[in-house]
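The lines below spell out each chain.
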Amino acid sequence: MNAPDIETLLPLHPLEFRILLVLLDGASHGYRIVQEIESQEDGGRIWPANLYRRIRDLLGKGLIEEAAVPRGEEAGGRRTYVRMSALGRRVAKAEARRLESLVADARARRLLQGRKAQ
Amino acid sequence: MYRVLLRLLPREFRDRFGADMQQVFAARLREADSAGGRVRVWVHGAGDVLLHGLAERRARRHERPTERSTYVDSLLQDLRLGVRSLLRSPGFALAALITLALGLGATTAVFSVVNALLLRPLPYAAPERLVAVWPEANFNKTMVARVASGVPALESLSGISIWTMTVTGDGGEPAEVEVALVSASHFDVLGVAAARGRTFAPEEGARGRAGVVVLTHDFWMTRYGGDASVLGRSIRLAGADYDERTVIGIMAEGFRPVVNRDLAGWVVLEEPEATTFAGDNTWYVNWRVGRLAAGATLEQATAQLRVVAGSLYADDPGMITEEDVRLASIDPLRDNLVGPLGDTLWLLLGAVALVLLIACANVANLLLARGEHRLRELALRRALGARRGRVARQLLTEAAVLGLAGGGAGVMLAYGLLRIIALGAPPELPHASAITIDARVLLFAFAAALLAALAFGAAPVLRARGAAAADALRQGTRSAAGVRIRPGISSGLVALEIALAVLLVIGSGLMLRTLQQLHHVHPGLDARGVLVLRPAPPDWRYPDAAAMTRFYADVLTRIRALPGVESAAGIQLLPVTPGNWSFPAFPEGHHVPDGGAAPSINFRVVTPGWFETLRIPLLRGRSLEPADRADAPRVAVINRTMAEQFWPGQNPIGRTVRSFSPTASPYTIVGVVGDVHQRALDQPPRPEWYVPQEQLAWEASLFLAVRFRDPDNVIRHAAAIRDAVWSVDRDAPVSGIESLDNVIGRSAATTRFLTFLLVFFAALALTLGAVGVFGVTAWTVARRAPEFGVRLALGASRRHVLATAVLRGITPIAIGLGAGLSAAILATRLLESLLFGVRPADPLTFIAVALLLALVATAALVAPAWRATRIDPLAVLRSD
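Counting from 1, residues in each chain are numbered in the order their sequence is written. Lettering of chains starts at A and numbering of ligands starts at 1, both following the order in which they are written. Only residues with pLDDT of at least 70 get local features here, since the model is predicted, and only at 80 or more are side-chain atom pairs given and counted; chain-wide, interface and lining totals rely on the full set of residues.

A. The arrangement of the overall build of chain B in detail. Secondary structure counts use DSSP, requiring at least four H or I residues in a row for a helix and at least two E residues in a row for a strand, with both numbered from the N terminus. A tally of helices and strands in chain B yields 29 helices and 21 strands. With the C-alpha coordinates of chain B rotated into their principal frame, the extents come out at 110 × 75 × 55 Å. Residues classed as buried in chain B amount to 41% of the 880 residues present. Partly exposed residues are those falling between the two cut-offs: more than 12 but fewer than 20 other C-beta atoms within 10 Å of their own, whereas 20 or more means buried and 12 or fewer means exposed, with C-beta atoms placed from the backbone.

B. Quick look at the overall build of chain A. Summing up its helical and strand segments, chain A has four helices and three strands in all. In sequence order, chain A lays out its α and β elements as α-β-α-α-β-β-α. Looking at chain A as a whole, 24% of its 118 residues qualify as buried. In this description, any two residues whose backbone-derived C-beta atoms lie within 7 Å of each other are considered to be in contact. Contacts in chain A between residues far apart in sequence, at least 24 positions, make up 57% of those at least 6 positions apart.

C. Structural view of the interface of chain A and chain B. Residue-level contacts link 15 residues of chain A with 17 residues of chain B. Counting only elements with at least two residues in the side of chain A that touches chain B, the list comes to helix H2 (30–39) and helix H3 (48–61) of chain A. With seven residues, the single largest contributor to the side of chain A that touches chain B is H3 of chain A. For this classification, Asp, Glu, Lys and Arg are treated as charged, while Ala, Val, Leu, Ile, Met, Phe, Trp, Tyr, Cys and Pro are nonpolar and the rest, including Gly, are polar. Of the residues assigned to the side of chain A that touches chain B, the class counts are seven nonpolar, four polar and four charged.

D. Fine view of the pairing of strand S8 (residues 263–268) of chain B. All names here are of chain B. Here S8 lies mainly inside the structure; six of its six residues are buried. Two strands are counted as paired when DSSP detects at least two bridges linking them. Pairing of strand S3 (residues 175–182) with S8, which is carried by five bridges, proceeds in the parallel orientation. Across the sheet, residue Leu181 finds its bridge partner in S8, namely Val267. Alignment of strand S5 (residues 212–215) against S8, held across three bridges, turns out to be antiparallel. Bridge pairing in S8 places Val214 opposite Trp266.

E. Highlighting the environment of Gln683 of chain B. Topologically, Gln683 of chain B is positioned in the loop between strand S18 (667–673) and strand S19 (688–692). Here Gln683 of chain B falls in the exposed class, since 12 other C-beta atoms lie within 10 Å of it.

F. Molecular detail of unusual backbone geometry. A cis geometry characterises the amide bond from Leu10 of chain A onward to Pro11 of chain A, with omega recorded as -10°. Within the secondary structure layout, Pro11 of chain A lies in the segment before helix H1 (14–23). Notably, Ala126 of chain B is not glycine yet its phi reads approximately 40°, a positive angle. Here Ala126 of chain B lies in the loop between helix H5 (90–119) and strand S1 (130–133).

G. Molecular detail of the packing of helix H27 (residues 798–827) of chain B against helix H28 (residues 843–869) of chain B. Residues and elements named next belong to chain B. At their nearest, the axes of H27 and H28 sit 9 Å apart, and the two run at 155° to each other. Between H27 and H28, the crossing angle belongs to the class labelled roughly antiparallel. Handedness of the crossing formed by H27 with H28: right-handed. Where H27 abuts H28, its residues Arg798, Val801, Leu802, Ala805, Val806, Gly809, Ile810, Ile813, Leu817, Leu821 and Ala824 lie against Phe846, Ala850, Leu853, Ala854, Ala857, Leu861, Val862, Ala865, Trp866, Ala868 and Thr869. Looking at the contact of H27 with H28 residue by residue, the class counts come to 19 nonpolar, two polar and one charged. Convention adopted: a line fitted to C-alpha atoms gives each axis, helices being fitted over their contacting stretch, and angles between N-to-C directions are expressed from 0 to 180 degrees. In these notes the angle categories are as follows: under 35 degrees is roughly parallel, over 145 is roughly antiparallel, 65 to 115 is roughly perpendicular, and the rest is oblique. In this scheme, a crossing is called left-handed if the near helix is turned counterclockwise away from the far one by less than a right angle; it is called right-handed if the turn is clockwise.

H. Looking closely at the sheet that holds strand S1 (residues 28–29) of chain A. Residue and element names in this part refer to chain A. Strand order in the open sheet formed by three strands is S1-S3-S2, and the pairing between neighbours is antiparallel. Since the sheet does not close on itself, it has two edges, and those belong to S1 and strand S2 (64–67), each with one partner. Examined bridge by bridge, S2 and strand S3 (residues 81–84) share four bridges and lie antiparallel to one another. Among the inter-strand pairings, Ile64 is bridged to a residue of S3, identified as Met84.

I. Structural context of the pairing of strand S20 (residues 703–708) of chain B. All names here are of chain B. Here S20 lies mainly inside the structure; five of its six residues are buried. Bridge analysis of strand S11 (residues 530–535) against S20 gives four bridges, and the strand direction is antiparallel. When the bridges of S20 are listed, Val532 appears paired with Ala705. Sheet topology places strand S12 (residues 565–571) next to S20; six bridges connect them, and they run antiparallel. Bridge pairing in S20 places Ala568 opposite Val706.

J. A look at the environment of Leu834 of chain B. All names here are of chain B. Locating Leu834 in the fold gives a position in the loop between H27 and H28. What makes Leu834 buried here is the crowd of 21 C-beta atoms within 10 Å. Note: C-alpha distance between Leu834 and Thr750 (84 residues apart in sequence) is 9.6 Å. Discounting residues that sit within four places of it in the chain, Leu834 has contacts with Thr344 and Leu754.

K. Spatial organisation of the confidence of the model for chain B. Residue and element names in this part refer to chain B. Residues at a pLDDT of 70 or more form 92% of chain B, whose mean pLDDT is 85. pLDDT: the predictor's confidence for each residue, scored from 0 to 100. Here residues 476–485 is modelled with pLDDT under 50, and outside its nearest four sequence neighbours on either side it reaches 20 contacts, counting other chains as well. Listed scores for the predicted complex are pTM 0.72 and ipTM 0.86.

L. Up close: H28 of chain B. The end-to-end C-alpha distance of H28 of chain B is 39 Å, a good match for the 39 Å that 27 residues give at a rise of 1.5 Å each. Among all positions in H28 of chain B, only Thr845, Val849, Leu853, Ala857, Ala860, Leu861, Pro864, Ala865 and Ala868 of chain B are buried. What a helix should span is 1.5 Å times the count of its residues minus one.

M. Examining the nonpolar core more closely. All names here are of chain B. Residues enter a nonpolar core if they are buried, belong to Ala, Val, Leu, Ile, Met, Phe, Trp, Tyr or Cys, and are joined to the set through C-beta atoms within 7 Å. Formed by 93 residues in total, the largest nonpolar core has its most connected members in Val355, Val502, Leu504, Phe761 and Ala765. Sorting elements by how many residues they give to this core places helix H12 (residues 341–373) first, with 17 residues. Taken domain by domain, this core gets at least three of its residues from each of domain 2 (77–112 + 342–477) and domain 5 (749–879). By size, the runner-up hydrophobic cluster in this structure holds 65 residues, among which are Val530, Leu556, Ile559 and Val670. Bear in mind that the domain bounds are from an automatic or database domain assignment.

N. Just helix H23 (residues 718–726) of chain B, in detail. Residues and elements named next belong to chain B. Along H23, the residues classified as buried are Ile721, Ala724 and Val725. All buried residues of H23 project into a common sector of 100° when viewed along the axis, lining one side. Facing away from the buried side of H23, by more than 90 degrees, are the exposed residues Ala719 and Asp723. The elements touched by buried residues of H23 are S11, helix H19 (545–560), S20 and strand S21 (734–739). Working note: the arc is built from the helix axis to C-beta atom directions.

O. Representation of the packing of H2 of chain A against H3 of chain A. Residue and element names in this part refer to chain A. Here H2 crosses H3 at 110°, and the two axes come no closer than 11 Å. Classed by the angle they form, the pair H2 and H3 counts as roughly perpendicular. Facing H2, whose interface residues are Gly30, Ile33 and Val34, H3 presents Leu51, Tyr52 and Ile55. Here the contact of H2 with H3 is built from residues that sort into five nonpolar, one polar and no charged.

Given below as structure tokens:
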């Protein structure tokens, strides 16, 4: 099977990108993903149907995959654990670069103030 | 319930992620820290499932267009169609929405109050096990101890007494606050702990060890700014034998005391000094709350209580009677706390339910009219193969959408109405914060909305028969023969609306007459131009009766010296207020029969000049004078009712009265004054006697009344009066400065509140009823326009056409009026306990209401009927 062209998977939905960022730290279940995202300043509130539709879409695109319950964690009830796949990591990087170039463009056009050199 | 909502999602998705979604949602609910928070979680959660459920199903249909729709798919489609259909008829939708919102909003608001007071569990542990003990009796501390030890069916018992104490120091102004004196076991009985610190320990009920206090959250915040360091500190809270108390605990925010007052806190009822029941004069333990032991029943506890009551009676028959023993009971705490207000609330709920029924009848007529207008569309769908059930389900779904929207609008309206209710509510209603729209109220509102809309939404399609549908397809929409219409339902609904409106308007009319009668009751005194206040000198500076007497004498002297003051005097309890002091008394010559008890007579402590200040007429003998000092012979003044009850047809001057015991020191009657309403204007005066403050060695605080020569706007003198008190003692808090007119006006607060609400509901009912009549008549005229056009073309006069239209509409109005008046004769008996000076079947009220309803309904009828006379017959005939 041919590896999917990464460009066709971009741009990612903002919530999908945030989910991938959380999974950079390792496998997680839905509620922990919600807590991580909401703990960020502009995380907003995420509700179950919204979250799991995105998880379903990410699973369908192969960017994440189901994982076993990590060692040391209780499998509290039927919890679905997911982790980032290798494709998912590549797509997340590509999306991050895309957003970075957009921000650079916005700075070049003076929409955003440039950062002072450290 | 969330699992049921998940059925909006496609099955595959649900099977794969449903359990996870439930866990996330459950975690969200746990995070919510209030009932309002949990409601918000539910709203967002349901919206999230609905939105994404629809999106998922739409996406799936797009991907798999040949796949058979599931039940949920078609339901969602009906929802979409329903919303679109309503949006296509904005006028109809708005009219129905507003009508439903008014009816549901009022019902939801009243149900919120009923829920808070009567349905929501009391905020204590296992509240169904909490009981009120012998609520009709007056208790002293010894009785509390005897009942606690003698009724094993009660695992614990606490007495409660409400006192006014002064708090000074801590940089704040001296203030008078209400404090509950309770048994040391009080919070254990309720099963609640302090939010900070602790509640009372058992040993703190012992004499000399009760110098502790638990504060309410509100008082801690307002007096001490929420400063946690007040815990463990001693504060100057003076009263009930202590000048200072150590703060040991602070209750949680929102904790409601058993007795509904604005308390500063709780202190301990010390053990009694006296060793016998009869020797214990602490007759102020007015409430008792207990907890049933595991497995015990109310009946068992009551039986045991009566045994204890019997032994108390045997100890001293003068204190309680055989009748008291027989009536001793243990009742559920909730029933006792609410008292007669409970019946009033159910009555209000019944009244507002009538408003809702009228609103539903209006919406039903709107739906019926619209249903017939759509009959052709529905007939076409049936002809194309749609099953009857499918068409019916679509109409029911449309009605449900309308109902839900009406319910939502009604809930928003209810929030506003609750604010208005909180403003005008009588003191017996709990604080406004306790009346909230919680999950139960929301469920009630939406269930009511759905039931109403669904009941009438299906009526049009169910009533249109097959033959009628075929007719609709064959014929034009404007022929005189037309589609077969069933006008009986609409007329029946109009009659129902009128009948219900009659009930409400008569009820509000009777309450208005009651208010009017109360206004005419003479209280027995002249309140105009009188200001009242309550200076409360701190116990630690005025430890005995002599000091108290000097304080009040000095204060009254300073007040009388103020410009504009005509006179001033004091009393321990103001007239026309709910509180009362009454004790067993022994009037001379009155023999207490065997098995009986001494009569309990109202008792008032006054300073010289009280009767003159309040202009209570002196009927015989003399008033109390400054010469009636502590070292002078003991004297008393009685009221007319006491004179007539104990010395009928005789002169009571020179007779004596003793209190508590036939051998106590006698007071000689020197005068008789007119009756004053002690409790409320609608309750007759009871026997009452007045004694001089100095002769009783009165140590507690007094209310003062000050009469001004200029009776207008006496409250403008408040600052001068306060300064006069503080010129005697800067640390004496002064509370309750208001006109005596205000005090007396409050006695009718509950009646006024109930009347206001009933009048509001009646006005709403009248408006909705008139709108209903107008709407149905307009619709009938429009529907019969071809017929009227033909009649006019054939030579009928416009007056004849008008008469036809009016007569048609007047029949259901007349039936409704008759039915409503007949039902009111029975229904108004429910109001009997609330009425004063007017009978439930008062003819004047009935006639006035019948005329009013007839006038309003006829006006609503004639206006649209007049349109029938403006029909152009040629235009009608041309368009057919």
